[in-house]
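Structure assessment
The primary structure of each chain is shown beneath.
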Amino acid sequence: MYIFWWFFSYYLRPVIKWFLRKTTGLCELQRICYGKIQGAPRTNAVDYSLSMSKSPQISQLIAHLNDVSDNQRFVGSNLKELTNGAVNTVMLIKKINPKIHFQFVINFSQCVEQIWGYRQLLSEVEELRKTTYDADNFEHERKLRDLWDKLMPHEPLEARVTKQWQYIGFQGDDPKTDFRGMGLLGLENLLAFATEYQDAATYVLSHSHHPHYGYAFAIVGINLTSLAWTLLKQGDAKTYFFNMVKSAPTLKLFHQFYSYLFYEFDKYWIECKPKDIMEFSTIKDSFEINVRNALQDPNAVFRINFSVDTI
């Protein structure tokens, strides 16, 4: 299978591209931008086409955009300037007339923003993941306290180190030890879920206290941070991000993705009716397979549809 794919990529594909260019008068990028629907179908196809290009100028362009996004400089006016530069470079190389193909300029610009916005988001998320929770850092401590206040607005926190933390699913009296695996990203995700979707978060928290199907809310949440990060890093999450926004994905959108996963995992957990928490690993693995399968649909759109049920 690998030999066939290699033969197709390096020998047959260029011939097919040449033939279609001659018969349609359009390069591959134009055919994609005109023929694929907006979102993941179009942007993923553009991404693949650029990565397979044998043009030295395009390879140089990709390397430059990769460097910029890896260093988180693909933002603001710089983003617009870099996107316009990339579009102009490709039109020059492919001999595309912008006055005639103005729609290509619009469509291709969106793809460029999404592709390198996604790469930059991965850099931002990775930076948070590598940031160790620091109890001496005022901002870290403030966010931890905010998490309690959002989830438990009617119950004051008695002390910084207290068994109360176990009520929202931390393992011990001091939550800082539970953030070691995912760093500050775990806290940022939990806080975003509790802030942006407070009703959903408190509803899920109530499920975590179920007498038969209960689980550690915060610990499960940090495990789901690991899942969200893995899907982002491996590229499976591109479907979600490219279908949700027309421009560069942001950290806020990553938090929304995480919130969706947490809310859906809670529903799945209850549906599975686990005998005890020892089934967590098996159910989580099954849930991950379902998510990955759903993300294989290039038209998939994930949204939190909050509804209250009784269990």
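Residues numbered from 1 in each chain as written. Predicted model: local features only at pLDDT ≥ 70, side-chain atom pairs only at ≥ 80, totals over all residues. Heavy atoms only, no water.

1. Focus on the overall build of the protein chain
For clarity, the cut-off: Every helix listed is a DSSP run of H or I at least four residues long, and every strand listed is a run of E at least two residues long, numbered separately from the N terminus. Between buried and exposed lies partly exposed: a residue is buried under 20% and exposed over 50% of the maximum accessible area for its type, with that area taken using a 1.4 Å probe on protein chains only. By definition, residues are in contact when any of their heavy atoms lie within 4.5 Å. Only the protein chains shown count as cover for residues, and all accessible areas are computed by the Shrake-Rupley method using a 1.4 Å probe. Counted as positive: Lys and Arg. Counted as negative: Asp and Glu, with His and the chain ends omitted from the count. For this purpose, a charge sits on NZ of Lys, CZ of Arg, CG of Asp or CD of Glu.
On a plain count of helices and strands, the protein chain comes out with 13 helices and zero strands. Across the protein chain, helices and strands are ordered from the amino to the carboxyl terminus as α-α-α-α-α-α-α-α-α-α-α-α-α. With the C-alpha coordinates of the protein chain rotated into their principal frame, the extents come out at 70 × 40 × 35 Å. Counting across all 311 residues of the protein chain, residues that qualify as buried make up 49%. Long-range contacts, defined as pairs at least 24 residues apart, comprise 68% of the intrachain contacts of the protein chain with a sequence gap of at least 6. Per element, the accessible surface of the protein chain, about 16,100 Å² overall, is 55% carbon and sulfur. Computed over 34 positive and 33 negative side-chain charges, the inter-centroid distance for the protein chain is 14 Å.

2. Let's talk about helix H5 (residues 76-94)
Under the convention used in this document: To estimate how far a helix should extend, the number of its residues minus one is multiplied by 1.5 Å.
Taking 1.5 Å of rise per residue, 19 residues should cover 27 Å, and H5 covers 27 Å from first to last C-alpha, within 8% of that figure. Looking one or two residues beyond H5, the residue adopting positive phi is Lys95, at roughly 55°.

3. Regarding the packing of aromatic side chains
Operational definition: Whether two aromatic rings pair depends on their centres lying within 6.5 Å, for rings of Phe, Tyr and Trp, where Trp uses its six-membered ring; planes under 30 degrees apart make the pair stacked, over 60 edge-to-face, and the rest tilted. In this scheme, the term charge over a ring applies when either NZ of a lysine or CZ of an arginine sits within 6 Å of the ring centre and within 35 degrees of the ring normal.
Tallied over the full model, the rule gives 21 aromatic pairs. Here Tyr118 and Phe241 contribute two aromatic rings whose centre-to-centre distance is 5.8 Å and whose plane-to-plane angle is 75°, an arrangement assigned as edge-to-face. Here the residue Tyr118 occupies a position in helix H6 (residues 102-130), and Phe241 occupies one in helix H11 (residues 238-244), the gap between them amounting to 123 residues. Aromatic rings pair up to connect Tyr118, Tyr240, Phe241, Phe242, Phe257, Tyr260 and Phe302 into one cluster. Note that Lys238 overlies the ring of Tyr118, its terminal NZ or CZ placed 5.6 Å from the centroid.

4. Observations regarding the environment of Phe241
Phe241 sits in the buried class, given a relative accessible area of 0%. Placed 79 residues apart in sequence, Phe241 and Thr162 show a C-alpha to C-alpha distance of 38 Å. Excluding anything up to four places from it in sequence, Phe241 contacts Gln114, Tyr118, Leu121, Leu232, Pro249, Leu253, Phe254 and Phe257.

5. Side note on the layout of surface pockets
Taking a probe equal in size to a water molecule and rolling it over the atoms shows the remaining empty space. Quick note on the threshold: Points on a 1 Å grid over protein atoms alone make up a cavity when a 1.4 Å probe fits among them but cannot get out, and a pocket when they form an open set with protein on both sides within 12 Å along at least five of seven lines; lining residues each have an atom within 4 Å of a point. Grid points are joined across faces, edges and corners, and a volume is the space filled by probe spheres set on the points. Gly counts as polar in this scheme, as do all residues outside two lists: the nonpolar Ala, Val, Leu, Ile, Met, Phe, Trp, Tyr, Cys and Pro, and the charged Asp, Glu, Lys and Arg.
Estimated volume of the second largest pocket: approximately 250 Å³. Taken together, 16 residues form the lining of the second largest pocket, with Asp47, Asn66, Ile115, Arg119 and Lys238 sitting closest to its centre. When its residues are assigned to classes, the lining of the second largest pocket shows eight nonpolar, four polar and four charged.

6. Focus: the pattern of salt bridges
Condition: Each salt bridge in this description consists of a side-chain nitrogen of Lys or Arg and a carboxyl oxygen of Asp or Glu lying within 4 Å of one another.
This model, assessed by the stated rule, comprises 16 salt bridges. Here Asp47 makes a salt bridge to Lys238, at a shortest N to O gap of 3.3 Å. Of this pair, Asp47 sits in helix H3 (residues 40-51) while Lys238 sits in helix H11, placing them 191 residues apart in sequence. For Lys238, a relative accessible area of 22% corresponds to the partly exposed category. Here Arg142 and Asp146 are joined by a salt bridge, their closest N and O atoms 2.9 Å apart. Within this pair, Arg142 and its partner Asp146 are both found in helix H7 (residues 138-151), separated by four residues, close to a single helical turn. When salt bridges that share partners are traced, they join Glu126, Arg129 and Lys130 into one network.

7. Quick look at unusual backbone geometry
You will see that Gln72, though not glycine, has its phi angle at about 60°, which is positive. Along the chain, the position of Gln72 falls in the loop between helix H4 (56-70) and H5. Located in the positive-phi region is Lys273, a residue other than glycine, with phi close to 50°. Here Lys273 shows up in the loop between helix H12 (251-272) and helix H13 (280-295). With relative accessibility at 52%, the residue Lys273 sits in the exposed group.

8. Focus: the side chain of Gln30
The criterion, for reference: In protein, a polar contact requires one atom able to donate a hydrogen and another able to accept it; more generally it is a pair of N or O atoms within 3.5 Å, and residues adjacent in sequence count only if both atoms are side-chain atoms.
With respect to the helices and strands, the residue Gln30 is situated in helix H2 (residues 28-35). Side-chain polar atoms of Gln30 contact the side chain of His101, separated by 3.5 Å.

9. Overview of the packing of H3 against H6
Heads up, the rule is: Geometry is summarised by axes, namely lines fitted to C-alpha atoms with helices restricted to the contacting stretch, and by angles between N-to-C directions that run from 0 to 180 degrees. Comment on the angle field: the value is read as roughly parallel under 35 degrees, roughly antiparallel over 145, roughly perpendicular from 65 to 115, and oblique elsewhere.
Where H3 contacts H6, the axes come no closer than 9 Å and their chain directions differ by 80°. Our classification of the angle between H3 and H6 gives roughly perpendicular. Mapping the contact onto sequence places Arg42, Thr43, Val46, Asp47 and Leu50 in H3 and Asn107, Phe108, Gln110, Cys111, Gln114, Ile115 and Trp116 in H6. Looking at the contact of H3 with H6 residue by residue, the classes come out as six nonpolar, four polar and two charged.

10. A short note on the environment of His209
Relative to the elements of secondary structure, His209 occurs in the loop between helix H9 (198-207) and helix H10 (217-234). Between the C-alpha atom of His209 and that of Ala192, which follows or precedes it by 17 residues, the distance is 21 Å.

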